[in-house]
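This is what each chain is made of:
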Amino acid sequence: MFALRSLRRRSAEAGREDFAARVCAELADDLPDEDLTQDLDDCLDRYELGSKPRCEEVEYLEMVQDAIDRIERGC
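Residues numbered from 1 in each chain as written. Predicted model: local features only at pLDDT ≥ 70, side-chain atom pairs only at ≥ 80, totals over all residues. Heavy atoms only, no water.

## A look at the packing of aromatic side chains
Short version of the rule: Any Phe, Tyr or Trp ring, taking Trp's six-membered ring, that has another such ring centre within 6.5 Å forms a pair; planes under 30 degrees apart are called stacked, those over 60 apart edge-to-face, and the others tilted. Numbering of helices and strands starts at the N terminus; helices are DSSP runs of H or I of at least 4 residues and strands are runs of E of at least 2. Each residue is assigned to one of three classes by its accessible area relative to the maximum for its type, calculated with a 1.4 Å probe on protein chains only: buried under 20%, partly exposed between the two thresholds, exposed over 50%. Here, a charge over a ring means that NZ of Lys or CZ of Arg falls within 6 Å of the ring centre while also lying within 35 degrees of the ring normal.
What the rule picks out here adds up to 1 aromatic pair. Pairing Tyr47 with Tyr60 gives two aromatic rings, centres 5.2 Å apart and planes at 35 degrees, and the pair type is tilted. Placement of the pair is Tyr47 in the loop between helix 2 (40-46) and helix 3 (54-73) and Tyr60 in helix 3, with a sequence separation of 13 residues. You can call Tyr47 buried: its relative accessible area is 14%. Just above the ring of Tyr60 sits the side chain of Lys52; from NZ or CZ to the centre is 5.2 Å.

This is how it looks when you write it as structure tokens:
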């Protein structure tokens with residue numbers, strides 16, 4: 001029984017990791033490489049306000065936050 005629960009847990013974790021990778025890949029398709037790091041939270045933490053034109057800045061920040069939210073929700 002323990003082995004089955006462990007297998008299910010690993011399978012669920014792999015599914016979440018696959019989903020997160022897909023979300024990041026979609027985001028990478030829409031943004032230049034220099035705008036992304038492996039950790040999306042790091043992208044927001046390191047972002048310097050005013051480093052892009054205002055309309056691009058708002059769009060970039062919304063896209064990254066949306067990707068983070070999608071990963072957290074799992075959908």
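Let's pick the thread back up.
## Quick look at a negative patch on the surface
Defined as follows: Residues with no salt bridge and a relative accessible area higher than 30% make up the patches, which join like charges within 9 Å and nonpolar side chains (Val, Leu, Ile, Met, Phe, Trp, Tyr) within 5 Å. Here the accessible surface of atoms and residues is derived via Shrake-Rupley with a 1.4 Å probe, and residues count as covered only by protein chains that are part of the display. Only one rule defines a salt bridge in this text: a Lys or Arg side-chain nitrogen within 4 Å of an Asp or Glu carboxyl oxygen. Neither His nor the chain ends is counted toward charge; the positive residues are Lys and Arg and the negative residues Asp and Glu. Every charge is mapped to an atom, namely NZ of Lys, CZ of Arg, CG of Asp or CD of Glu.
Side chains of Asp29, Asp30, Glu56, Glu59, Glu62 and Asp66 sit close together on the surface and give a patch of like negative charge. Those elements that provide at least two residues to the negative patch are helix 1 (2-30) and helix 3. Here Asp30 shows up in helix 1. Judged by relative accessible area, which is 55%, Asp30 ranks as exposed.

## Notes on the nonpolar core
The test is simple: The term nonpolar core refers to a set of buried residues drawn from Ala, Val, Leu, Ile, Met, Phe, Trp, Tyr and Cys, joined through side-chain atoms within 4.5 Å. Any two residues whose heavy atoms approach within 4.5 Å are treated as being in contact.
Core analysis: the largest hydrophobic core is formed by 12 residues, namely Phe19, Val23, Leu27, Leu31, Leu36, Leu40, Cys43, Tyr47, Tyr60, Val64, Ala67 and Ile68. Elements with a contribution of two residues or more to this core: helix 1, helix 2 and helix 3. Sorting elements by how many residues they give to this core places helix 3 first, with 4 residues. Leaving out residues up to four positions away in the same chain, Ala67 has contacts with Val23, Leu27 and Leu40.

## Side note on helix 3
Residues three or four positions apart in an α-helix share a direction because the helix packs 3.6 residues into each turn. Test applied: To estimate the expected span of a helix, subtract one from its residue number and multiply by 1.5 Å. Along the arc lie the directions from the helix axis toward the C-beta atoms.
For helix 3, with 20 residues, the first-to-last C-alpha span of 28 Å sits near the 28 Å given by 1.5 Å per residue. Burial in helix 3 covers these residues: Glu57, Tyr60, Val64, Ala67 and Ile68. Across the axial projection of helix 3, the buried residues extend over an arc of 105 degrees, all falling on one side. More than 90 degrees from the buried face of helix 3, the exposed residues found are Arg54, Cys55, Glu62 and Arg73. Note on helix 3: the residue one or two positions beyond its end, Gly74, has a positive phi of about 80 degrees.

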